[in-house]
Amino acid sequence: MAGADGRSVAVFDLGGVLIDWNPRHLYRKLFPGDEAAMEEFLATVCTPHWNECQDAGRTFAEAEDELIRAHPGKAELIRAWRLRFPEMIPGAIGGTVEIVERLNARGVPLYALSNWSRETFPSQRTRFSFFDRFQGIVVSGEEGVIKPDPRIFELLFQRYGISARETVFIDDNPVNARAATALGVHGIHFRSPDALAGELAALGLL
């Protein structure tokens, strides 16, 4: 089926859209009662940039070695990122999963495009049954390129034979949504399941 403006394919980001991923879910346990120390650790040691390098294909062995050399007293906390990764994800975002089910019931082709390490993704792939709704999934860590680089969007289009002009892309990072829009995709900055449902309904997909 096609929406009012010809959009007929939905592509979802995963973390922050369908999956409640946040390292704080884990590190609050490792810094009990000390939110400031936890935030300092996440801002200066296991930083967003450090994690993005794994999303772009760097191995955790290399990432941990590099960081532990710089912060030898924090080795256990650094290794916990990989060893206790599932604890960063308490569950799925139910409202968005419901949207996926509704789109699937309406025959909308579904895909996923996520910045995620190739080492930590497989365990979560088998954890959540809604992954079976996707006709294809592109994981940045397996490809060596991350959003918002246009190459990962082009890879998705080419691999699965879809076009930018027929695609809606949902991401909780507005930079990634804008990058998709620049390629001709209808990029949606995800804020909440209710807001997303309204935007998809306006497009005629729900």
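That block above? That's the structure.
Within each chain, residue numbers correspond to sequence positions counted from 1 in written order. With the structure being a predicted model, the display of local features is reserved for residues of pLDDT at least 70 and the display and counting of side-chain atom pairs for 80 or more, all residues being used for whole-chain, interface and lining totals. Side-chain measures were taken over the full set of non-hydrogen atoms in the model, leaving aside hydrogen atoms and water.

Student: Give a description of the sheet that holds strand S3 (residues 136-139) that names residues and reports values.
Tutor: Here, any two strands with at least 2 DSSP bridges between them count as paired. Helix and strand definitions here come from DSSP, where helices need a minimum of 4 consecutive H or I residues and strands a minimum of 2 consecutive E residues; each element is numbered from the N-terminal end. Read across the open sheet, the five strands follow the order S3-S2-S1-S4-S5; overall the sheet is parallel. Among the strands making up the open sheet, the edge pair consists of S3 and strand S5 (186-189). Taken over all neighbouring pairs, the strand axes of this sheet differ in orientation by 20° on average, direction set aside. Here four bridges tie strand S1 (residues 9-12) to strand S4 (residues 167-171), and the two strands are oriented parallel to one another. Each axis is a line fitted through C-alpha atoms, taken for helices only over the stretch in contact, and angles between the N-to-C directions span 0 to 180 degrees.

Student: So what's going on with the pairing of strand S2 (residues 110-114)? Which residues, and what values?
Tutor: Within S2, five of the five residues are buried, which leaves it mostly tucked inside the rest of the structure. For each residue, the accessible area found with a 1.4 Å probe, counting protein chains only, is set against the maximum for its type, and the residue is called buried under 20%, exposed over 50%, and partly exposed in between. The alternating pattern of S2 places Leu 110, Ala 112 and Ser 114 on one face and Tyr 111 and Leu 113 on the opposite face, and all of these are buried. Pairing of S1 with S2 involves three bridges; the strand directions are parallel. Along S2, the bridge assignment pairs Val 11 with Tyr 111. Sheet topology places S2 next to S3; four bridges connect them, and they run parallel. Looking at S3, one finds that Ala 112 is bridged to Ile 137.

Student: Provide a residue-level description of the environment of Gly 204, including the pertinent values.
Tutor: Considering the arrangement of structural elements, one finds Gly 204 in the segment after helix H11 (193-202). On a C-alpha basis, the gap between Gly 204 and Met 38 in space is 44 Å, while along the polypeptide they are 166 residues apart.

Student: Just give me the short version of the packing of aromatic side chains, but keep the residues and values in it.
Tutor: Planes of paired rings set the category: under 30 degrees apart is stacked, over 60 is edge-to-face and the rest tilted, where pairs are Phe, Tyr or Trp rings (Trp by its six-membered ring) whose centres lie within 6.5 Å. Taken as a whole, this structure holds 17 aromatic pairs when the rule is applied. Relative to Phe 41, the ring of Phe 31 has its centre 5.6 Å away and its plane inclined at 45°; by these criteria the two rings are tilted. Note that Phe 31 is positioned in the loop between helix H1 (24-30) and helix H2 (35-44) and Phe 41 in helix H2, a separation of 10 residues in sequence. Of the residues examined, Phe 41 reaches a relative accessible area of 2% and is grouped as buried. On the numbers, 5.7 Å between centres and 85° between planes, the contact of Phe 121 with Phe 131 is edge-to-face. With Phe 121 in helix H7 (residues 121-125) and Phe 131 in the loop between H7 and S3, this residue pair connects regions lying 10 residues apart in the sequence. Exposure class is identical for Phe 121 and Phe 131. Each is buried.

Student: Help me get a handle on the state of the cysteines, residues and values and all.
Tutor: In this description, the term disulfide denotes a pair of cysteine sulfurs within 2.5 Å. For the coordinates displayed, the defined rule picks out zero disulfides. With no disulfide of its own, Cys 53 lies 12 Å from the sulfur of Cys 46, the closest cysteine sulfur. Using a relative accessible area of 22% as the deciding quantity, one classes Cys 53 as partly exposed.

Student: Let's hear about the side chain of Thr 96: which residues, and what values?
Tutor: You can see Thr 96 is positioned in helix H6 (residues 94-105). Polar contacts, as used here, are pairs of N or O atoms within 3.5 Å; protein pairs need one atom able to donate a hydrogen and one able to accept it. Residues neighboring in sequence count only if both atoms are side-chain atoms. There is a polar contact of 2.8 Å between the side chain of Thr 96 and the backbone oxygen of Val 17. Note on contacts: a residue pair is in contact if any heavy atoms of the two residues lie within 4.5 Å. The contact partners of Thr 96, leaving out residues within four places of it in the chain, are Phe 12, Val 17, Leu 18, Phe 190, Pro 193 and Leu 196.

Student: Any chance you could break down the pattern of salt bridges for me, citing the residues and the numbers?
Tutor: Here, a salt bridge means any Lys or Arg side-chain nitrogen found within 4 Å of an Asp or Glu carboxyl oxygen. Applying the stated criterion across every chain yields a total of 12 salt bridges. With its nearest N and O atoms 3.6 Å apart, the salt bridge here joins Glu 66 to Arg 58. Looking at Glu 66, the relative accessible area reads 39%, which means it is partly exposed. Judged by its relative accessible area of 14%, Arg 58 falls in the buried class. The partner of Arg 133 in a salt bridge is Glu 101, with the nearest N and O atoms 2.9 Å apart. Highlighted residues: Arg 133 in the loop between H7 and S3 and Glu 101 in helix H6, separated in sequence by 32 residues. With a relative accessible area of 29%, Glu 101 lands in the partly exposed category.

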